[in-house]
Amino acid sequence: MNIIISNSSDIPIYQQLKNQIKEAILSGEIRDGELLPSIRNLANETRVSVLTTRRAYDELEAEGFIKTVHGKGSFAASGNLELLKEARLKQVEEKLIEAYNIGRAIGVSKEDMRTMMDILFEENGR
Amino acid sequence: MDYALEIKGLEKCYSKGNKVLKGIDIKIEEGIVAGFIGMNGAGKTTTIKSILGLVVPNAGEIKIFGKSFKENEKEIKNRIGIVFDNGYLYEDLKLSEMKQIFAAAYTKWDEDNYKKYIKNFNLNEKQKVKELSKGMKMKFSLALALSHHADLLIMDEPTSGLDPKIRKEFLDIIREFIIDVGKTVFFSTHITTDLDKIADQIIMLNAGEVIFNKDKDILIDEHALVKGDKTILTNDNRKWFVALEERGFSFEGLTNQRERVRQEMKQALCERPTIEDIMVAYMGR
Amino acid sequence: MYLSLVKKDFKIVLRGNLGILVAQMLFILIIISVNMGIVGYGVMVTAFGWQLLLSVSTEEKKSRSLALLIAMPYEKGKIITTRYVSPMLGFAGITLIYEGLALITNMNDFFIIKPLTYDVIAITMCAYALFISITVPLYLILSDSVVRGITIFLILGTVWIGYFLWNNINIRNSLLTMTFITNHFHIVCIIVSIISLVISRTISLQIFKKIEY
């Protein structure tokens, strides 16, 4: 897990931490069921307060991304594929809306967009 | 929530009119590294001495590991590791003799652990305490403090006067200590850069009162160094600043309402402050 | 726990001072024993006790190490009791050394040190205990140089008064007629020693509890 906290970012520290862990889980960098560093180890490495890492883990657990087993540690949530898929679908939706907005602004038609999408699917063999 | 240290309403007067502590309330959870900052004379050392029984407070209650200090003094002291700025070690004794005094006092003295630290720190036990440099004295004090399975490490200015290399080694040792579950560290310091790197919680004392007691990251997220053109200051937004310096055509200040300043003073430049920036700003009030 | 505290005291007094201490002892022994007989023993013992208390107090005030001891799980009671145990052990040690030297010098006729009698040991112990009892609390309240002055004054004053009283035939006779004292001399000495040490320790502990660091 490669967490880098930016000092110059406007995003609150615990938020940065959460986002990066979430990303790592969604992208598969952290596998389902993999043991995450303890809140103390994470705090030591990123030079962040342990209260912050704890808060990040607590919120990630509430959101279903990790599961904490008392005495053992925190694990990337296994079997929460529904949740992950939903999160990913949401991402797709967001990106499509972005593409739509940019396209419309320069006058791209629905047909053109469909064609671009067809090409994409063909090129990548799916 | 288990608190390693709870201080309620601590007051101390040294002579008529000289109230050094004016009602201190501090809570430190287990597993936390808490840093205690403030000017000289703010009351940090007096607070620490009150915790250890070296100073008798006029009022207030102290609980360590959830137990009343007064009633469980010996048992509690057995679980505390102490490091003082001056060491307070017997100058004319050899290190090995100084160790004897410690080993006999603590029920859980661990000779193997002690020997490991002595070896890692390159200390020669046959030397006398007074022959050690300041840095080595601190390391020796640490070796003693960390060799009896203490759960709470209390330190008063442990790194003052030490060069950056030794301070880095000190921080590494603390990081290693705190990895075990249930260990807590509480130390006072002037060297805020050390706290930037290692503290979880920051407590600032000024003139005997607690000015703030916060999670380090929240503290830094809430505050910002703000710079900008003097013309954007108004009577309203001046109130958002803890400290404000107005110059010829520009201003510079520290706000404790970073989000607000970011949203409503868009022409100003906001930067992340260091703990020192924050401390200096509050001291000036 | 007591052992380590007492060891610490002896290390402090013997460490820097060993050469001086030995020289002092021999000086006292030779000069005074030759001239005033058994008084040499009394002065030797007192000199050691005096040196011990002074060295320990100086070191602890210089290093402020009492603060450390208190922050450690040493009970204040034990810390104070050590202040008395160490010098009394010193008394026992010096007595044995003196007696040893007396035995050795009596084997050849070159130089003779008077061997001790139980009476002498008892009265010296009593005087020594009184001396310690007065001095220890003083060290807690006053600065070392002041106490040093007071104790020298005290010792000389006591020796002078004792000498004066003993040489006064009337007083000596009335003392000797206190048959209770002369018959149970040893026990009276021991009891007086213990009482004075206990009272002194109680006072010292009260003072110590109030000191802040």
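Residues numbered from 1 in each chain as written. Chains lettered and ligands numbered in written order. Predicted model: local features only at pLDDT ≥ 70, side-chain atom pairs only at ≥ 80, totals over all residues.

1. Focus: the packing of helix α2 (residues 39–63) of chain C against helix α5 (residues 118–141) of chain C
Residues and elements named next belong to chain C.
Turning to step 1, where the next piece is worked out: At a closest axis distance of 10 Å, the pairing of α2 and α5 adopts a crossing angle of 20°. One way to sum up the angle between α2 and α5 is to call them roughly parallel. As α2 packs across α5, the resulting crossing turns out to be right-handed. Across from Y41, G42, V45, T46, G49, L53 and S57 in α2, the residues of α5 making contact are V120, T124, A127, Y128, F131, I132, T135, V136 and Y139.
Turning to step 2, where the next piece is worked out: In the contact of α2 with α5, the residues fall into ten nonpolar, six polar and no charged. (Axes fitted to C-alpha atoms, helices over the stretch in contact; angles between N-to-C directions. Helix = DSSP H or I, 4+ residues; strand = E, 2+ residues; numbered from the N terminus. Parallel < 35°, antiparallel > 145°, perpendicular 65-115°, else oblique. Left-handed = near helix turned anticlockwise from the far one by under 90°. Contact = placed C-beta atoms within 7 Å. Nonpolar A, V, L, I, M, F, W, Y, C, P; charged D, E, K, R; others polar.)

2. What to know about the domain arrangement of chain B
When the parts of a complex come together, some accessible area is lost, and that lost area is often used as the size of the interface.
All names here are of chain B.
Turning to step 1, where the next piece is worked out: Partitioning chain B into structural domains gives domain 1 (3–215) and domain 2 (223–284).
Turning to step 2, where the next piece is worked out: A separation of 35 Å is found between the C-alpha centroids of domain 1 and domain 2.
Turning to step 3, where the next piece is worked out: Taken together, the nine residues of domain 1 in the interface contact six residues of domain 2.
Turning to step 4, where the next piece is worked out: Looking at side-chain class alone, the side of domain 1 that touches domain 2 contains six nonpolar, two polar and one charged residues. (Domains from an automatic or database assignment.)

3. Some remarks on the nonpolar core
Across soluble globular proteins, nonpolar side chains have a tendency to be buried as a group.
Turning to step 1, where the next piece is worked out: Core analysis: the biggest nonpolar cluster contains 100 residues, and A34, L152, I154 and F186 of chain B have the highest contact counts within it.
Turning to step 2, where the next piece is worked out: With near-sequence residues (within four places) excluded, L152 of chain B lies in contact with A4, L5, I64, R79, I80, T184 and F186 of chain B.
Turning to step 3, where the next piece is worked out: Membership of the second largest hydrophobic core comes to 29 residues, among which are I12, V45, F48 and L53 of chain C. (Core = buried A, V, L, I, M, F, W, Y, C linked by C-beta atoms within 7 Å. Buried ≥ 20, exposed ≤ 12 C-beta atoms within 10 Å, placed from the backbone.)

4. Brief notes about the interface of chain B and chain C
Turning to step 1, where the next piece is worked out: Contact with chain B, which involves 23 residues of that partner, is made by 24 residues of chain C.
Turning to step 2, where the next piece is worked out: Where the side of chain B that touches chain C is concerned, the elements lending two or more residues are α1 (44–52), α2 (73–78) and α3 (95–105) of chain B.
Turning to step 3, where the next piece is worked out: Among the elements that take part in the side of chain B that touches chain C, α3 of chain B stands out by supplying five residues, more than any other.
Turning to step 4, where the next piece is worked out: Class assignment for the residues of the side of chain B that touches chain C results in 13 nonpolar, four polar and six charged.

5. A look at the packing of helix α1 (residues 13–26) of chain A against helix α3 (residues 50–62) of chain A
Residues and elements named next belong to chain A.
Turning to step 1, where the next piece is worked out: Packing of α1 against α3 leaves a shortest axis separation of 9 Å and a crossing angle of 50°. Classed by the angle they form, the pair α1 and α3 counts as oblique. At the point where α1 passes α3, the crossing takes the right-handed sense. Every residue of α3 that contacts α1 at I13, Y14, L17, K18, I21 and K22 is listed here: T52, T53, R55, A56, E59 and L60.

6. Focus on the interface of chain A and chain B
Turning to step 1, where the next piece is worked out: Between chain A and chain B, the contact holds 16 residues from the first and 14 residues from the second.
Turning to step 2, where the next piece is worked out: Looking at the side of chain A that touches chain B, the elements with two or more residues in it are α1, α2 (39–46) and α3 of chain A.
Turning to step 3, where the next piece is worked out: In terms of residue count, α2 of chain A provides more of the side of chain A that touches chain B than any other element does, four residues in total.
Turning to step 4, where the next piece is worked out: Residue composition of the side of chain A that touches chain B, grouped by class: seven nonpolar, six polar and three charged.

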